[in-house]
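# Working through the structure, step by step
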Amino acid sequence: QVEGTKVVSHEETERELEDNIARCKSAVNILVKVSEKEEEEEINCSFKHFVGQEKNIEKMNKLVGEVTDYIDKINSLYNKIMKCRSEQLDIVPMDIRKLNSINLNVEKKTLENSASETKKILDKIYHSLLSVTETYVFGEYERLEIQTDAENDLFIPFKLRMEDYNNLLVTLKKFKLVVTKKDEAKGVVEFYYSFKRAMPDFYKEVQKRIAELEKLIAEYEAEILSIYQKLKGYLPRLNALKIFTDYLSYKLESTRAEDEMCQTDTTCMLECFVPKKQVNSFKKQMKAKFKAIVISEEKITEQDETPTKLSGDKITSSANFVVNMYSVPKYGEADPTFSVFFFFVIFFGFIMADVGYGIVLTLIGFLLAAKAKSKKKAGGNAHNLWFLIGIGGMFAIIWGALFGSYFGFSHNEVDFLPSGVMPSPQNEPIPLLLFCLLMGVLQIIVGFIMRGINYFKHGKYSEGIVNGFAWAVCLFGVVFWAANKLLDFFGLTLDGALGDFFTMVEPAGLIIMLTGLAVGVLFAGIGSRGFTKFTKSFSAIYGLLNLFSDILSYARLFGLMLSSAIIAQQFNAIGMGMMDGVVGTILGTLVILIGHSFNVAMGALSAYIHDVRLQYVEYFGKFYEGEGIPFQPFGAKLSYVKIVDDGRN
């Protein structure tokens, strides 16, 4: 205690803020459910209004307390309802509940039915009794039949073994089975079960109690509905509560930052990371805010736990979530954002490769991206995913035009459609397969270049040349040396200037390939010590097999594109074949629409999955380390609010 004032530590303040934030978020979630509306857009809020929430603490805490009290009442009433339901089940023993599942009010005329009908009734009752005895089995009965008399109306005689009777005595008493004769010498007991006597008083009591419980439940439910209506009265203040909740999160973040400061009574020191492009702006704003401030730029070392901020503009940054889904790049790694974006949309578009499908995916992708952006902060995973699909749809239009495919129709089926310039995947598969492998080689070349850049960033220039750039050069030479050989092997030719070009560069390609291969293999152990210097060369040779396997993996691009094209054509053929008359035309149109809808959905899903796999396994495997720390700006951990510029950034 200091002059009657309690000194509160930062730890206590943090715990109090955490509890308050949890209560506020609980209240927000309840009111959002009460509103029965879809999730609303982010709330635009000026920074001045945002930090001005400090004066609303008492008022908003009161609101949260009232909502929380109502929530507690609802939970209490709900628990009471569950307790009543449980009692309803408990007051009826399981044995009786099972017996109650059969018709005990068998009328006399039923006994006059045929022998087979009577047998069904007997079996139903008998097996029902068997089910409630669980581990025990009734003895054999010689003559099981329903009998009648004036007093009992309906009853059924049984005969049990003595040991079964003793074991079932408690259960039999529940059924009010009347023992008529015991023959201990023969070890049997005869008794009968009366339908009319079967616990009528007990059932009346049960029904009465059940009715009482139902009345209580109705009262509890009515009270819950009343509270529900009261909660609706808080909906106009929902946005204010959201802003206040985010303000508390901002305040908690500020409190935690203070804990990390070195401070005295008059001075404090804070160390933070600032993106390079924003350093000058940061200095300017800090100096305008604090007159007595000293800002020192320190060089980042490997010992620092430096966060990573991925690059990219408004378009290419949509690939950030693909990268982060694998792992955040480690600080100092080459940023793969642009290359992942480029190859992702190229491959996605190639797999779909249809103008009609591309238009559908472009519209759906951009519409859902806009919807996700309105609900969540720009840059959210849902927004980026749909935006990427929209861009991929645009490339599907381009590839579709090159192949001459329009919802599976081509110039061969519809005369006015433009012809494609690419080989037909059905009629000329080999050139397209080689083209897919070429795209794979190009991406792997980029992967090796990225590996070299990573080495260079850490000052390891010789390793970068040997383990990165040399292999990129080797593959580059392979493309020019092997092009004509592969074409000749498959009986293909390239006419004109392109064919002359590959013939001319073939010797140079061989030299480039061998040079890169020699450097990559002979000097693979550079930077290593001891015997590892020599074993690295053997590992590099073995790695050629894996490299060949990685290149073959890109054949999946052709397989997926071909399957999508064939499915589209088959649905068109089936639908067109049905178009005979009005009914046939309607059915055929439905077949085409449903078929293409299915093909677009499954094709897009397959394209995404296999596209991502190529990025993660074949591409990232060449250079990517990952396990970095994502950069999160101070004050960015907001759930509902978007701070807009009010001139006081």
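Further up the page is the structure itself.
Let me begin by describing the structure that accompanies this report. (Residues numbered from 1 in each chain as written. Predicted model: local features only at pLDDT ≥ 70, side-chain atom pairs only at ≥ 80, totals over all residues. Heavy atoms only, no water.)

## A few points about the overall build of the chain
Broken down by element type, the chain carries 20 helices and nine strands. Of all 649 residues assigned to the chain, the portion counted as buried reaches 39%. Counting only carbon and sulfur atoms, one obtains 59% of the accessible surface of the chain, whose full area is about 38,200 Å². (Helix = DSSP H or I, 4+ residues; strand = E, 2+ residues; numbered from the N terminus. Buried < 20%, exposed > 50% of the residue type's maximum accessible area, 1.4 Å probe, protein only. Areas by Shrake-Rupley, 256 points an atom, 1.4 Å probe, with all protein chains shown as cover.)

## Section: the pattern of salt bridges
In the structure shown here, the tally under the stated rule is seven salt bridges. For K485, the salt bridge identified is with E506, shortest N-O distance 3.3 Å. Taken together, the residues span a long stretch of sequence, with K485 in helix 16 (residues 461-489) and E506 in helix 17 (residues 496-522) at a distance of 21 residues. Judged by relative accessible area, K485 falls into the partly exposed class, the value being 38%. (Salt bridge = Lys/Arg side-chain N within 4 Å of Asp/Glu carboxyl O.)

## Looking at a negative patch on the surface
There is a patch of like negative charges on the surface, built from E11, E12, E16 and D19. Along the chain, E11 turns up in helix 1 (residues 10-35). The class of E11 is exposed, set by a relative accessible area of 55%. (Patch = residues over 30% accessible without salt bridge, like charges linked within 9 Å, V, L, I, M, F, W, Y side chains within 5 Å. Lys, Arg positive; Asp, Glu negative; His and termini not counted. Charge placed at Lys NZ, Arg CZ, Asp CG, Glu CD.)

## Things to note about the packing of helix 12 (residues 337-352) against helix 15 (residues 429-457)
One can describe the packing of helix 12 onto helix 15 by two numbers: an axis separation of 12 Å at closest approach and a directional angle of 170°. Judged by the inter-axis angle, helix 12 sits roughly antiparallel to helix 15. Only F435, C436, M439, L442, Q443, V446 and M450 of helix 15 make contact with helix 12, whose side of the interface consists of S339, F343, I346, F347 and F350. The residue makeup of the contact of helix 12 with helix 15, split by class, is 10 nonpolar, two polar and no charged. (Axes fitted to C-alpha atoms, helices over the stretch in contact; angles between N-to-C directions. Parallel < 35°, antiparallel > 145°, perpendicular 65-115°, else oblique. Contact = heavy atoms within 4.5 Å. Nonpolar A, V, L, I, M, F, W, Y, C, P; charged D, E, K, R; others polar.)

## Here's the deal with the side chain of S35
The topology assignment puts S35 in helix 1. A residue is classified by how much of its surface remains accessible, and S35, at 18% relative accessible area, is buried. Here the side chain of S35 touches V32 through a polar contact of 2.5 Å, landing on its backbone oxygen. (Polar contact = N/O pair within 3.5 Å; in protein donor to acceptor, adjacent residues only side chain to side chain.)

## Description of helix 14 (residues 381-403)
With 23 residues, helix 14 should cover 33 Å at 1.5 Å per step; its first-to-last C-alpha distance of 32 Å lies within 8% of that length. The first or second residue beyond helix 14 is G404, which carries a positive phi of 70°. (Expected span 1.5 Å × (residues − 1).)

## Focus: the environment of I300
Position of I300 among the secondary structure elements: in the loop between helix 10 (279-289) and strand 7 (307-308). Considered as a pair, I300 and Y331 are 31 residues apart in the sequence and their alpha carbons are 10.0 Å apart. Other than its neighbours up to four places away in sequence, I300 contacts F273, T306 and Y331.

## What to know about a nonpolar patch on the surface
Together, I574, M578, V582, V583, I586, L587, L590 and I594 make up a nonpolar patch on the protein surface, roughly 750 Å² of accessible area in all. Every element with two or more residues in the nonpolar patch is listed here: helix 19 (555-578) and helix 20 (581-619). Along the chain, I586 turns up in helix 20.

## A closer look at a positive patch on the surface
A cluster of basic residues, K55, K59, K62 and R237, forms a positive patch on the protein surface. Looking at the element boundaries, K62 is found in helix 3 (residues 57-90). Looking at K62, the relative accessible area reads 58%, which means it is exposed.

## A short note on unusual backbone geometry
In this structure, A353 takes a positive phi of about 40° despite not being glycine. Note that A353 resides in the loop between helix 12 and helix 13 (355-375). Positive phi values are uncommon outside glycine, yet F407 reaches one of about 50°. Relative to the helices and strands, F407 is located in the loop between helix 14 and helix 15. Residue classification places F407 among the partly exposed positions, given a relative accessible area of 35%.

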